[in-house]
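# A closer look at the structure
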Amino acid sequence: MSNFETNEQKAGYGVGLQIGTQLMQQGLTDLEPSALEQGVRDVLAGNEPQLSHQEIEVALAALNEVAQQKREELQQQLIATESAFLEENAKREEVTVTDSGLQYEVMTQGEGAKPAATDKVRVHYHGSLLDGTVFDSSVTRGQPAEFPVNGVIAGWIEALQLMNTGSKWKLYIPHELAYGPQGAGSAIPPFSALMFEVELLDIL
């Protein structure tokens, strides 16, 4: 149960959530909530700002610098974790590493044709982060996916053209062959290596 009963309260809370989300995305997590609230109150009440524009700009610049440093440190940690995992994984006898850095493991070897980049395919897949967090799965949905081979991430484009129809592979895709430094929405963080179990069902 929330403490918000009127539309004004509910809408105000919703706007607060939006502001909070934007601040999180920008890395400005160290802001003082009471000061943020006071700024909103002063604007809505028509009060004169309590700080000069220059004072605010200096403070924001300092916080942005700290936020940037934190982002860079986190990126280095993510890259180091990915590198360590892929380096160890590549040592396993059942894992093949291609020139691009893609790693794959044959779970089932099919006998059908291999798709070209211009083909459309039907696949079942199960995608997860290195920590095991599942971010997408056609298997869970119970419905195979259909898409052009050249319409997906680089790691998939390469792997699909190596697979015979009927094959099921486990892919280990470095972030450079996945969604890179930007990630993908809230499900896939920046600099994320991805793991997929991919079953190539048909060439359409």
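Structural notes, computed from the coordinates. (Residues numbered from 1 in each chain as written. Predicted model: local features only at pLDDT ≥ 70, side-chain atom pairs only at ≥ 80, totals over all residues. Heavy atoms only, no water.)

### What to know about the layout of surface pockets
To be explicit about the condition: Using protein atoms alone on a 1 Å grid, points that fit a 1.4 Å probe yet trap it form a cavity, whereas open point sets bounded by protein on both sides within 12 Å along at least five of seven lines form a pocket; residues with an atom within 4 Å of a point count as lining. Grid points are joined across faces, edges and corners, and a volume is the space filled by probe spheres set on the points. Starting at the N terminus, helices and strands are each numbered in turn, a helix being any DSSP run of H or I of at least four residues and a strand any DSSP run of E of at least two. Residue type decides the class: Asp, Glu, Lys and Arg count as charged, Ala, Val, Leu, Ile, Met, Phe, Trp, Tyr, Cys and Pro as nonpolar, and the leftover types, Gly among them, as polar.
By volume, the largest pocket amounts to about 690 Å³. Considering the residues around the largest pocket, the lining is formed by 22 residues, among which Ala35, Leu36, Gly39, Leu51 and Ile56 are closest to the centre. Elements with a contribution of two residues or more to the lining of the largest pocket: α2 (33-45) and α3 (53-89). The space that makes up the second largest pocket amounts to roughly 540 Å³. Around the second largest pocket, the lining comprises 18 residues; the ones closest to its centre are Gly16, Ile19, Leu36, Glu37 and Val40. Of all the elements, helix α1 (residues 7-26) adds the most residues to the lining of the second largest pocket, at 7 residues. In terms of residue class, the lining of the second largest pocket is made up of 10 nonpolar, 4 polar and 4 charged.

### Comments concerning empty space enclosed by the protein
Under the definition given, this model contains 1 cavity of 30 Å³ or more. Of the voids in this model, the largest cavity is the one considered here, and its volume is about 40 Å³. The wall of the largest cavity is formed by Gly27, Leu28, Thr29, Asp30, Leu31, Leu63, Val66, Ala67 and Lys70. Taken together, the residues that form the lining of the largest cavity break down as 5 nonpolar, 2 polar and 2 charged.

### Examining the pairing of strand β2 (residues 103-108)
If a strand is regular, its side chains alternate between the two faces of the sheet. What counts is decided by this rule: At least two bridges found by DSSP between two strands are what make those strands a pair.
Taken together, the 3 bridges between strand β1 (residues 95-97) and β2 define a ladder with antiparallel strand orientation. Counterpart to valine 95 in the pairing with β2 is glutamate 105. In sequence, β1 turns back onto β2 through a hairpin of 5 residues, with glycine 101 there showing a positive phi of about 105 degrees. As paired strands, β2 and strand β6 (residues 168-173) are joined by 5 bridges and run antiparallel to one another. Counted as the bridge partner of glutamine 103 is tyrosine 172 from β6.

### Quick notes on the pairing of strand β4 (residues 134-137)
Across 3 bridges, strand β3 (residues 120-129) lies against β4 in antiparallel orientation. Counted as the bridge partner of glycine 127 is aspartate 136 from β4. The turn linking β3 back onto β4 is made up of 4 residues, and glycine 132 within it adopts a positive phi angle of 95 degrees.

### Remarks on unusual backbone geometry
Residues other than glycine seldom take positive phi values, yet phenylalanine 191 does so here, at roughly 60 degrees. Residue placement: phenylalanine 191 occurs in the loop between β6 and β7 (194-203).

### Quick notes on helix α5 (residues 154-162)
To keep it simple, the criterion reads: Three labels apply to residues, based on accessible area from a 1.4 Å probe with only protein chains included: buried if under 20% of the type maximum, exposed if over 50%, partly exposed otherwise in between. The arc in question is formed by the directions pointing from the helix axis toward the C-beta atoms. Note on definitions: a residue-residue contact is assigned when non-hydrogen atoms from the two residues lie within 4.5 Å.
All of the buried residues in α5 are Gly155, Trp156, Ala159 and Leu160. In a view along the axis of α5, the buried residues occupy a sector of 120 degrees, so they form one face of it. In this fold, the buried residues of α5 make contact with β3, β5 (145-148), β6 and β7.

### Considering the environment of valine 106
Following the sequence through the fold, valine 106 ends up in strand β2. On the basis of relative accessibility, which here comes to 38%, the residue valine 106 falls in the partly exposed class. Residues valine 106 and valine 95, 11 residues apart in the sequence, show an inter-C-alpha distance of 7.9 Å. With residues near it in sequence (within four places) discarded, valine 106 still touches Lys168 and Trp169.

### Considerations on the nonpolar core
Short version of the rule: Among buried residues, the Ala, Val, Leu, Ile, Met, Phe, Trp, Tyr and Cys ones that are joined through side-chain atoms within 4.5 Å form a nonpolar core.
If you look at the biggest cluster of nonpolar residues, it comprises 25 residues, and the most contacted ones within it are Val123, Trp156, Leu160, Leu171, Ile173, Phe196 and Val198. Breaking this core down by element, the ones donating at least two residues are β3, β5, α5, β6 and β7. Tryptophan 156 has contacts with Val123, Tyr125, Phe147, Leu171, Ile173, Phe196 and Val198, leaving out every residue within four places of it along the chain.

### Some points on the packing of aromatic side chains
What counts is decided by this rule: Ring pairs shown here join Phe, Tyr and Trp side chains whose ring centres sit within 6.5 Å, with only the six-membered ring taken for Trp; geometry is labelled stacked below 30 degrees between planes, edge-to-face above 60, and tilted in between.
All told, the structure shown has 8 aromatic pairs when counted by the stated rule. Aromatic side chains phenylalanine 85 and tyrosine 172 sit 6.1 Å apart centroid to centroid with 45 degrees between the ring planes, which places their arrangement in the tilted category. With phenylalanine 85 in helix α3 and tyrosine 172 in strand β6, this pair connects stretches of sequence that are 87 residues apart. Assessed through its relative accessible area of 26%, phenylalanine 85 is described here as partly exposed. Overall, the relative accessible area of 4% leaves tyrosine 172 in the buried class.

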